[in-house]
Amino acid sequence: LISNYFDNRRIDEIKSIQDGISMNILSSETQFDLLKETPCEDVSNSSLSQQLSTLGAQVSYLESTRGYDDTQVIQLKQEYSLLEIKDYILMQNMTQKCGGKSVFVLYFYSNKGDCPDCVNAGAVLTALSEDYPPVRVYSFDYNSGVSAVDTLEGIYNVKAKFPALVIHNKPTYGLKSLNDIEGLMPELAKMASSTMATSTRK
């Protein structure tokens, strides 16, 4: 009973965060529409990114405690996937318009017991995001049942081989080390050099 009480409280907390993210995304989309005909301005998204990261961690926790087949967990994951896709499209538009340095990685995994390397792949991608803040990683359950996720899989021709990454619009399969991913994304070296130069000047 105590466990269920705290799990239900966590679900309420997640829903509250999710509602906040939806509002932030809507606000950012409105700002982008307003800026279409004006000189580019910096639209901060750090708060939005932090909220998405928090939500993802909490959904993962619920998956591990309540099970992947729990109805509420499935619904939250589906809603979270839609928010991720919405943010992905929004950030791509802003990057193109404003000449930002954001780069994108789409990660597809499976919870059906056919991806023994997915946990390790997730850890590598977490390290990637920490080492290179401009890298935005979006994670999707390949079998989520969300039509928008299915559309993403079709656009990038992602097959049911896990873990799967889409880097520069091309799918790649199997567990990749951080060095492997850095090799697939040469722009990361420039980011690292820029960070070192900034640190040196300070």
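The rules behind the values
Residues numbered from 1 in each chain as written. Predicted model: local features only at pLDDT ≥ 70, side-chain atom pairs only at ≥ 80, totals over all residues. Heavy atoms only, no water. Helix = DSSP H or I, 4+ residues; strand = E, 2+ residues; numbered from the N terminus. Pairing = 2+ DSSP bridges. Core = buried A, V, L, I, M, F, W, Y, C linked by side-chain atoms within 4.5 Å. Buried < 20%, exposed > 50% of the residue type's maximum accessible area, 1.4 Å probe, protein only. Contact = heavy atoms within 4.5 Å. Arc of directions from axis to C-beta. Axes fitted to C-alpha atoms, helices over the stretch in contact; angles between N-to-C directions.

A. Geometry of unusual backbone geometry. Between Phe 162 and Pro 163 the backbone carries a cis peptide bond, its omega angle lying at -10°. Relative to the assigned elements, Pro 163 resides in the loop between α5 (147-155) and β3 (164-167). One non-glycine residue, His 168, lies in positive phi territory at about 55°. By the element assignment, His 168 lies in the loop between β3 and β4 (170-173). Although it is not a glycine, Asn 169 sits at a positive phi angle of roughly 70°.

B. Structural context of the pairing of β4. In the sheet, β3 pairs with β4 via four bridges, with the strands oriented antiparallel. Looking at β4, one finds that Ala 164 is bridged to Tyr 173. From the end of β3 to the start of β4, which pair antiparallel, there are two residues, and His 168 there has a positive phi angle of about 55°.

C. Local environment of the nonpolar core. Formed by 37 residues in total, the largest nonpolar core has its most connected members in Val 105, Leu 106, Phe 108, Leu 128, Phe 140, Leu 152 and Ile 181. Taken together, the elements giving at least two residues each to this core come down to α3 (71-98), β1 (103-109), α4 (118-131), β2 (135-141), α5, β3 and α7 (187-201). Per element, the largest residue contribution to this core is seven residues, and it comes from β1. Other than its neighbours up to four places away in sequence, Leu 152 contacts Ile 85, Tyr 88, Leu 106, Phe 108 and Phe 140.

D. Spotlight on α5. Of all the positions in α5, only Val 149, Leu 152 and Glu 153 are classed as buried. Take α5 and look down its axis: the buried residues cluster within an arc of 100°, on one side only. Of the exposed residues in α5, the ones pointing more than 90 degrees away from its buried face are Ser 147, Gly 154 and Ile 155. Those residues of α5 hidden inside the fold are in contact with α3, β1 and β2. Positive backbone phi, approximately 55°, marks Asn 157, located one or two places after α5.

E. Looking closely at the sheet that holds β2. What the four strands build is an open sheet, ordered β2-β1-β3-β4; its pairing is mixed. Strands with a single pairing partner mark the edges of an open sheet, and in this sheet they are β2 and β4. With direction set aside, neighbouring strand axes in the sheet form an average angle of 25°. The pairing of β1 with β3 spans four bridges and is classified as antiparallel. Bridge pairing in β3 links Leu 106 to Val 166. Contacting β1 and β2, α3 runs over the sheet at an angle of about 150° to β2.

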